[in-house]
Every structure is written in C-alpha cells, then in structure tokens.
Amino acid sequence: MNYLSITLWSDSSFFSPYAMSVYVALTEKGIPFTLKRIDLAQHQQLSSDYRALSLTCRVPTL
Ligand SMILES: N[C@@H](CCC(=O)N[C@@H](CS)C(=O)NCC(=O)O)C(=O)O
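Predicted model, so just to flag it, every value in this text is computed and none were measured.

**Student:** Please clarify how the pairing of strand β1 (residues 7-11) should be interpreted in this entry.
**Tutor:** Two faces make up the sheet, and in a regular strand the side chains alternate between them. Where burial is concerned, most of β1 is hidden: four out of the five residues are buried. As paired strands, β1 and strand β2 (residues 34-38) are joined by five bridges and run parallel to one another. Each bridged residue has a counterpart across the sheet, and for D11 the counterpart in β2 is I38. Taken together, β1, helix α1 (residues 17-29) and β2 constitute a β-α-β crossover, and its handedness is right-handed.

Right, here's the structure in full:
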C-alpha cells in the first residue's frame, strides 16, 4: 500500500499523551512516518516555522 509522506511533530520528551497516541497508532498500523520533535519548554511551538504548520501551536501536528 502506498502512503503519502507523513511527518509527526511531537514534543522532544514525548511528554504529550496526544503525540504519543499518534505515534503508537502510526507504528501499530505500520504506517511509515518521519518524527520531528520540538522543545515545548523552549517555546519552539511558538516559532514562526511551527506556526506555519499548526494553527493551535501545539503538538501533535501531522
Ligand atoms: N489535541 C489538542 C491538545 C494538544 C495539546 O494540548 N498539546 C500540548 C502538549 S500535551 C501542547 O502542545 N502544549 C503546548 C502549548 O500549549 O503551548 C490540540 O491538538 O489542540
């Protein structure tokens, strides 16, 4: 089966249960994805690059 290229943006310490849920679902389904992590403690979710990806500026983002 072909999949679109998927990138999962998570927090750097995997503290977020929401991000972990997406990680587990993708992994269990065998769906390939690229993992990128941002440091919430450093407020990287508020960077202009991440704002362009996420309207809520939260993780996870797919
Ligand atoms: N599922 C909701 C909630 C996600 C959420 O609350 N994520 C937290 C981590 S568990 C977060 O990114 N917090 C960073 C912030 O609020 O600045 C959403 O995507 O909007």
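**Student:** Sorry if this is basic, but what is going on with the site of the ligand here?
**Tutor:** Neighbouring residues of the ligand: S16, Y18, L40, Q45, T56, C57, R58 and V59. Residues of the shell around the ligand, tallied by class, amount to four nonpolar, three polar and one charged.

**Student:** Before we go on, may I ask you to explain the nonpolar core in this structure?
**Tutor:** Nonpolar side chains in soluble globular proteins tend to end up buried together. Within the largest apolar cluster, six residues are counted, these being L8, W9, A19, V22, I38 and V59. Counting residues per element, the ones that place at least two in this core are β1 and α1. Ignoring sequence-local partners within four residues, the contact set of V59 consists of W9, S10, D11, S16, Y18, A19, I38 and Q45.

**Student:** For this particular structure, what's the right way to read the environment of P17?
**Tutor:** Along the chain, P17 falls in helix α1. Classification of P17 by C-beta neighbours within 10 Å gives exposed; the count is 8. As for P17 and P60, which are separated by 43 residues in sequence, their C-alpha atoms are 9.3 Å apart.

What counts as what
- Residues numbered from 1 in each chain as written.
- Predicted model: local features only at pLDDT ≥ 70, side-chain atom pairs only at ≥ 80, totals over all residues.
- Buried ≥ 20, exposed ≤ 12 C-beta atoms within 10 Å, placed from the backbone.
- Helix = DSSP H or I, 4+ residues; strand = E, 2+ residues; numbered from the N terminus.
- Pairing = 2+ DSSP bridges.
- Right-handed = clockwise from strand over helix to strand, strands pointing away.
- Near = placed C-beta within 6 Å.
- Nonpolar A, V, L, I, M, F, W, Y, C, P; charged D, E, K, R; others polar.
- Core = buried A, V, L, I, M, F, W, Y, C linked by C-beta atoms within 7 Å.
- Contact = placed C-beta atoms within 7 Å.

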